[in-house]
Amino acid sequence: MSINIEAYTKAKQLAKKVSLDADTIAQIAKYLEEYVNSLPPQLQNVAIATFNGRVYTRKDLPVLFMKDKTIQQIWLEKLRQ
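Residues numbered from 1 in each chain as written. Predicted model: local features only at pLDDT ≥ 70, side-chain atom pairs only at ≥ 80, totals over all residues. Heavy atoms only, no water.

Visitor: I'd like a rundown of helix α1 (residues 5-15), residues and numbers included.
Guide: Residues of α1 that are buried include every one of Ala 7, Tyr 8, Ala 11, Leu 14 and Ala 15, and no others. End-on, the buried residues of α1 take up no more than an arc of 125°, which puts them together on one face. Turned more than 90 degrees away from the buried face of α1, the exposed residues are Glu 6 and Gln 13. Where α1 is buried, its residues contact α2 (22-38) and α5 (69-79). (Buried < 20%, exposed > 50% of the residue type's maximum accessible area, 1.4 Å probe, protein only. Helix = DSSP H or I, 4+ residues; strand = E, 2+ residues; numbered from the N terminus. Arc of directions from axis to C-beta. Contact = heavy atoms within 4.5 Å.)

Visitor: With reference to specific residues and values, describe the side chain of Gln 44.
Guide: Mapping Gln 44 onto the fold places it in helix α3 (residues 41-44). At 2.8 Å, the side chain of Gln 44 and the backbone oxygen of Leu 39 are in polar contact. Other than its neighbours up to four places away in sequence, Gln 44 contacts Val 36, Asn 37, Leu 39, Thr 57, Arg 58 and Lys 59. (Polar contact = N/O pair within 3.5 Å; in protein donor to acceptor, adjacent residues only side chain to side chain.)

Now the structure itself:
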């Protein structure tokens, strides 16, 4: 099993677009899901904490990216770096 870095790279490229519509957000979430699913189980279940005290696992990221605007903004900033 190899880690799908290409999917993460594609998510980063899409995040850098000037305007992001719902389809682009969905595509980024799909690439994040492909990336996360390619990780070993112990890395999929790593806890991620936000500065406001929320904690979620990396495996939850694709769904949260679609449904939670705060998580979406945090990850868009991260992907744009």
